[in-house]
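One-letter residues, chain by chain:
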Amino acid sequence: MKKLIITLSILIWFILIFYYENKNIIMSNTLNNNAIINYNTWSYQESVDIFSWALLFNNDYVINYNLGNSLFKTDNETINIENKIKLYNEVLEIYSGSLAIKYSQDTQGNYEYVEDKLNQLLNPEEEKQNKEKGNINGITRYPIHEIFPPLPIRLVTWNSFHNFISTKIRDYNCANGR
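Here goes a summary of the coordinates provided. (Residues numbered from 1 in each chain as written. Predicted model: local features only at pLDDT ≥ 70, side-chain atom pairs only at ≥ 80, totals over all residues. Heavy atoms only, no water.)

## What about the packing of aromatic side chains?
- Going through the model one piece at a time under the given rule, you end up with four aromatic pairs.
- Ring geometry for Phe72 versus Tyr88: centroids 5.6 Å apart, planes at 25 degrees, classification stacked. Placement of Phe72 in helix α3 (residues 61-73) and of Tyr88 in helix α4 (residues 81-101) is noted, with a sequence separation of 16 residues between them.
- A relative accessible area of 7% means that Phe72 is categorised as buried.
- The class for Tyr88 is buried, based on a relative accessible area of 2%.
- Geometrically, the ring pair formed by Phe72 and Tyr113 is edge-to-face, given 5.7 Å between the ring centres and 70 degrees between the ring planes. (Phe/Tyr/Trp six-rings, centres within 6.5 Å; stacked < 30°, edge-to-face > 60°. Helix = DSSP H or I, 4+ residues; strand = E, 2+ residues; numbered from the N terminus. Buried < 20%, exposed > 50% of the residue type's maximum accessible area, 1.4 Å probe, protein only.)

Written as C-alpha cells, this is what we have:
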C-alpha cells in the first residue's frame, strides 16, 4: 500500500510538472485548433482573433502563418483601397515574423503573392499594362488552392501524453537506481 501511494504521488508530481512546463504550448495548440476550425468554416475574422490569442502563449511560425492566411482571407470584407493596403502590409509583417522564426516555402510563396497584390493596388497603371499583355494577376504563378490550403489540426493525443509521462518516470527511476 505504501508503494502504491508513493507511485501515485510521483505520477501526480510528474503530471503537474508536465502541465507547468508545457501549459503555454498546450494552450496555444488548443487555441490554434479552434482557430483552424473557424478558418475551415470560412469564419476568417473569428480565426484571426483566436490566432492572435494563441500567439500570446506561443510565438510559433505555424500560428503566424495561419494568422497571415486568415487575415488575408478577410480581404473580401474590405472594399476601401486604403484599408486593403493596410491589411496587406499587416499580412506581410506577419509572414515576415513567421519567416524570421523558421523558413517555410509555403510562407515565402504566400509572402510573394501578397506582395504582388499590394503592388497591384499601389501601381494600377502597371496592372493595366500587364492585362493588355495577357499577364493577368500572376494566376498561373499562384494557384489559390496551393497558396491557402485547408489547415491541418494538430492535436495533443493521449498516446503522446502517455509516452511523455512514461519517459519521465523511466528517466526518474534510472537516475535513482531503480
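## Quick look at the side chain of Thr107
- Position of Thr107 relative to the elements: it lies in helix α5 (residues 105-122).
- Those residues within four positions of Thr107 in sequence are excluded, and the remaining contacts are Tyr65, Tyr95, Ser98 and Leu99. (Contact = heavy atoms within 4.5 Å.)

## Some words on α4
- Between its terminal C-alpha atoms α4 stretches 30 Å, which fits the 30 Å expected from 21 residues at 1.5 Å a residue.
- Of the residues making up α4, those classed as buried are Ile85, Leu87, Tyr88, Val91, Leu92, Ile94, Tyr95, Ser98 and Leu99.
- Where α4 is buried, its residues contact α3 and α5.
- Two or three places before Glu82, at the start of α4, stands the capping residue Asn80, its side-chain oxygen 3.1 Å from that residue's backbone nitrogen. (Expected span 1.5 Å × (residues − 1). Polar contact = N/O pair within 3.5 Å; in protein donor to acceptor, adjacent residues only side chain to side chain.)

## With respect to the packing of α3 against α4
- Two elements in contact, α3 and α4, have axes separated by 8 Å at closest approach and are oriented at 165 degrees. On the basis of the axis angle, α3 is roughly antiparallel to α4. Judged by the twist between their axes, the crossing of α3 over α4 is left-handed. Every residue of α4 that contacts α3 at Tyr61, Asn64, Tyr65, Leu67, Gly68, Asn69, Leu71 and Phe72 is listed here: Leu87, Tyr88, Glu90, Val91, Ile94, Tyr95, Ser98 and Ile101.
- In terms of residue class, the contact of α3 with α4 is made up of eleven nonpolar, four polar and one charged. (Axes fitted to C-alpha atoms, helices over the stretch in contact; angles between N-to-C directions. Parallel < 35°, antiparallel > 145°, perpendicular 65-115°, else oblique. Left-handed = near helix turned anticlockwise from the far one by under 90°. Nonpolar A, V, L, I, M, F, W, Y, C, P; charged D, E, K, R; others polar.)

## Details of the packing of helix α2 (residues 44-57) against α3
- At their nearest, the axes of α2 and α3 sit 9 Å apart, and the two run at 155 degrees to each other. Our classification of the angle between α2 and α3 gives roughly antiparallel. Handedness of the α2/α3 crossing: left-handed. Across the interface between the two elements, Tyr44, Ser47, Val48, Phe51, Ser52, Ala54 and Leu55 from α2 touch Ile63, Asn64, Asn66, Leu67, Ser70, Leu71 and Lys73 from α3.
- Taken together, the residues of the contact of α2 with α3 sort by class into eight nonpolar, five polar and one charged.

## Concerning unusual backbone geometry
- The phi angle at Trp42 is positive, at roughly 65 degrees, despite the residue not being glycine.
- Assignment of secondary structure puts Trp42 in the loop between α1 (2-40) and α2.

## Description of the environment of Asn66
- Tracing the backbone through its elements, the reader meets Asn66 in helix α3.
- Considering only alpha carbons, one finds Asn66 and Val48, 18 residues apart in sequence, at a separation of 8.5 Å.

## Description of a nonpolar patch on the surface
- Taken together, the side chains of Met27, Trp53, Leu56 and Phe57 present a nonpolar region at the surface, about 430 Å² in accessible area.
- Ranked by the residues each element gives to the nonpolar patch, the list is headed by α2, at three residues.
- With respect to the helices, strands and loops of the structure, Phe57 is situated in helix α2. (Patch = residues over 30% accessible without salt bridge, like charges linked within 9 Å, V, L, I, M, F, W, Y side chains within 5 Å. Areas by Shrake-Rupley, 256 points an atom, 1.4 Å probe, with all protein chains shown as cover. Salt bridge = Lys/Arg side-chain N within 4 Å of Asp/Glu carboxyl O.)

## Observations concerning α3
- Taking 1.5 Å per residue as the helical rise, α3 with its 13 residues ought to reach 18 Å, and the 18 Å between its terminal C-alpha atoms agrees with that figure.
- A large share of α3 lies buried, amounting to ten of its 13 residues.
- Within α3, burial applies to Ile63, Asn64, Tyr65, Asn66, Leu67, Gly68, Asn69, Ser70, Leu71 and Phe72.

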